[in-house]
Amino acid sequence: MHNDAFFISLAFLAILIYLAAMRSAVKRFKSWPIRRLLLFAGGVATGVQAFAGPIGMHAHHSFVFHMAGHLLLGMLAPLLVILSRPITLLLRALPQKGARSVMRLFRSGYARFLVHPVTAAVLNIGGLWLLYTTPLYHHMHQVSWVSLLVHFHVFAAGYLFTLAMLYTEPVSYRKSHVYRMVVFIFALAGHGILSKYLYANPPSAVGAAEAQSGAMLMYYGGDFVDLMLIILLCWQWYRATAPGRPLSGKEAAE
Amino acid sequence: MEDRTVSNGRNIFSGILFGFGLAAFVDEAVFHQLLHWHHFYDLSTSEWGLISDGFFHAFSWFATVGGLFLLADLRRRKSMVPIRWWGAVLLGGGFFQLYDGIIQHKLLRIHQIRYGVENLLYYDLVWNGIAIILLAAGIILICRSGRGRHA
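Note that the coordinates shown come from a computational prediction; the quantities given were computed from them, not determined experimentally. (Residues numbered from 1 in each chain as written. Chains lettered and ligands numbered in written order. Predicted model: local features only at pLDDT ≥ 70, side-chain atom pairs only at ≥ 80, totals over all residues. Heavy atoms only, no water.)

**With respect to the overall build of chain A**
Then, in step 1: On a plain count of helices and strands, chain A comes out with 13 helices and zero strands.
Then, in step 2: Sequence-ordered secondary structure for chain A, helices as α and strands as β, is α-α-α-α-α-α-α-α-α-α-α-α-α.
Then, in step 3: At 19 Å, chain A has a C-alpha radius of gyration in line with the 18 Å of a compact globule built from 254 residues.
Then, in step 4: Projected onto the principal axes, the alpha-carbon positions of chain A cover approximately 55 × 40 × 30 Å.
Then, in step 5: Taking the contacts inside chain A whose residues are at least 6 apart along the sequence as the reference set, 75% of them involve residues at least 24 apart.
Then, in step 6: When the accessible surface of chain A is summed, it comes to about 12300 Å², and 71% of that surface belongs to carbon and sulfur atoms. (Helix = DSSP H or I, 4+ residues; strand = E, 2+ residues; numbered from the N terminus. Rg over C-alpha atoms; globule rule 2.2 N^0.38 Å. Contact = heavy atoms within 4.5 Å. Areas by Shrake-Rupley, 256 points an atom, 1.4 Å probe, with all protein chains shown as cover.)

**Observations regarding the overall build of chain B**
Then, in step 1: The secondary structure content of chain B amounts to four helices and zero strands.
Then, in step 2: Mapped in sequence order, the helices and strands of chain B form the string α-α-α-α.
Then, in step 3: A total of 151 residues make up chain B; the buried ones form 48% of that total.
Then, in step 4: Look at the contacts in chain B between residues 6 or more apart in sequence, and 81% of them connect residues 24 or more apart.
Then, in step 5: By element, 69% of the accessible surface of chain B is carried by carbon and sulfur atoms, the whole surface being about 8100 Å². (Buried < 20%, exposed > 50% of the residue type's maximum accessible area, 1.4 Å probe, protein only.)

**Brief notes about a nonpolar patch on the surface**
Residue and element names in this part refer to chain A.
Then, in step 1: There is a patch of nonpolar side chains on the surface, built from Phe6, Leu10, Leu13 and Ile17 and spanning about 390 Å² of accessible area.
Then, in step 2: Along the polypeptide, leucine 13 turns up in helix 1 (residues 4-28).
Then, in step 3: Exposure remark for leucine 13: the relative accessible area of 47% places this residue in the partly exposed category. (Patch = residues over 30% accessible without salt bridge, like charges linked within 9 Å, V, L, I, M, F, W, Y side chains within 5 Å. Salt bridge = Lys/Arg side-chain N within 4 Å of Asp/Glu carboxyl O.)

**Here we look at the interface of chain B and chain A**
The accessible area lost on association of the parts is a frequent measure of interface size.
Then, in step 1: Each partner contributes residues to the interface: chain B has 22 residues there, and chain A has 26 residues.
Then, in step 2: A buried area of about 2500 Å², summed over both sides, lies between chain B and chain A, and 79% of it is on carbon and sulfur atoms.
Then, in step 3: For the pair chain B and chain A, the number of links is zero salt bridges.
Then, in step 4: One can count five residue pairs in polar contact (both at pLDDT 80 or more) joining chain B with chain A.
Then, in step 5: Classifying every residue of the side of chain B that touches chain A by side-chain character gives 13 nonpolar, four polar and five charged. (Buried area = accessible area lost by both parts, 1.4 Å probe. Polar contact = N/O pair within 3.5 Å; in protein donor to acceptor, adjacent residues only side chain to side chain. Nonpolar A, V, L, I, M, F, W, Y, C, P; charged D, E, K, R; others polar.)

**Thoughts on the layout of surface pockets**
Residue and element names in this part refer to chain A.
Then, in step 1: The space that makes up the largest pocket amounts to roughly 1400 Å³.
Then, in step 2: Lining the largest pocket are 47 residues, and of these Val81, Phe152, Phe155, Ala156 and Tyr159 sit closest to its centre.
Then, in step 3: Breaking the lining of the largest pocket down by element, the ones donating at least two residues are helix 1, helix 2 (34-48), helix 4 (63-83), helix 5 (86-93), helix 6 (96-107), helix 7 (109-115) and helix 10 (144-166).
Then, in step 4: With ten residues, the top contributor of residues to the lining of the largest pocket is helix 10. (1 Å grid on protein atoms, 1.4 Å probe; cavity = no way out; pocket = protein on both sides within 12 Å on 5 of 7 lines; lining within 4 Å. Points joined across faces, edges and corners; volume = space filled by probe spheres on them.)

**Focus on helix 8 (residues 117-133) of chain A**
Residues and elements named next belong to chain A.
Then, in step 1: The terminal C-alpha atoms of helix 8, which comprises 17 residues, lie 24 Å apart, in line with the 24 Å expected from a rise of 1.5 Å per residue.
Then, in step 2: Taken residue by residue, helix 8 has Pro117, Thr119, Ala120, Ala121, Asn124, Ile125, Gly127, Leu128, Leu131 and Tyr132 as its buried positions.
Then, in step 3: Contacts from the buried residues of helix 8 go to helix 4, helix 7, helix 9 (136-140), helix 10 and helix 11 (177-200). (Expected span 1.5 Å × (residues − 1).)

**Side note on the pattern of salt bridges**
All names here are of chain B.
Then, in step 1: Tallying each qualifying case throughout the model produces three salt bridges over all chains.
Then, in step 2: Between arginine 10 and aspartate 73 there is a salt bridge whose closest N-O contact spans 3.6 Å. Pair noted here: arginine 10 is in helix 1 (residues 4-34) and aspartate 73 is in helix 2 (residues 47-76), with a separation of 63 residues, a long-range link.
Then, in step 3: We classify arginine 10 as partly exposed; its relative accessible area is 32%.
Then, in step 4: Residue aspartate 73 pairs with arginine 76 through a salt bridge whose shortest N-O separation is 2.9 Å. Of this pair, aspartate 73 and arginine 76 are both found in helix 2, three residues apart, which corresponds to roughly one turn of the helix.
Then, in step 5: For aspartate 73, a relative accessible area of 2% gives the class buried.
Then, in step 6: By relative accessible area, arginine 76 is classed as partly exposed at 25%.

These results come straight from atomic positions and should not be treated as a statement about function.
This is the structure:
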């Protein structure tokens, strides 16, 4: 895990792949906004902080730094990457046959299950409860592959949750705005309750003062990212319900 | 085009949501964080307090943002009634204040308004008195907006 260069190269590789996909997509479809490239690069740069640089370095022995990395990798990075619409880009960049098989994968029952708001919320918030209220948090600092797995889950679950709230990619089975808002309130409450719980009940091998600072960071940092998500979700509702616009299911969620 | 009763209801719904969220935000920002009169976790034994606070906070974030987007929707439909909306804001704010003062402070005893003071009753009276004034002002404004429309 001390291999900064490895993770930073990986981040650059991801951005290069996005650029290549952009080139390929633009050849066949209309242009692809440059701001999405910036969002993607911002998301990758944010997420890699959990592995490399000062935050990644101190995360092993400091709960506060661990929490900073968690917020960036699990909340802010997924939001930025989601807004860059990498799956839509992939579908446009791939040749027709490849795109069709990717689409088939997304229409499968398994994908539907994963992108269901309740599933995504449980994977996201439930995973955090599991990590911080069991010895898992202690284990992840002992065994490096456990640490990698936890980091992967934090990002993937954050990504899935953000996608299940905002539907920025071609999700085949869509829930209404109100449904997603209600699930969101439960998820947000789960995050807030966990952070307050950790304030009084530190994870294994974390000191009381450190747990308190980490929990406060989790609480207020989580609020900040969630507020952005709430604004985006409400904004989508506002656009979808514009007067004189037909309210068809697919358009409404767009 | 829009049914009047529908837009009347929406003015009130939007205002109540926003007032609710605003009052919750003011409570957290001023009393929890600036004055430190009470904290975000005062009672390590009450699990109910913890859970209710979590849901309450999540809902208040949504209420603030959602209430404002509903307001924007009313405005673009040209069916906002300002007096009615502001009345509903006072109603929502007053309701929050009373809920906080009676349920959270007194019944669940999650936290008190302020610690280390002798005359807590005085604080409670002021807190809940303000809540009742806000509620009353909200109701008066909403009633007047109804009369104004028909005149």
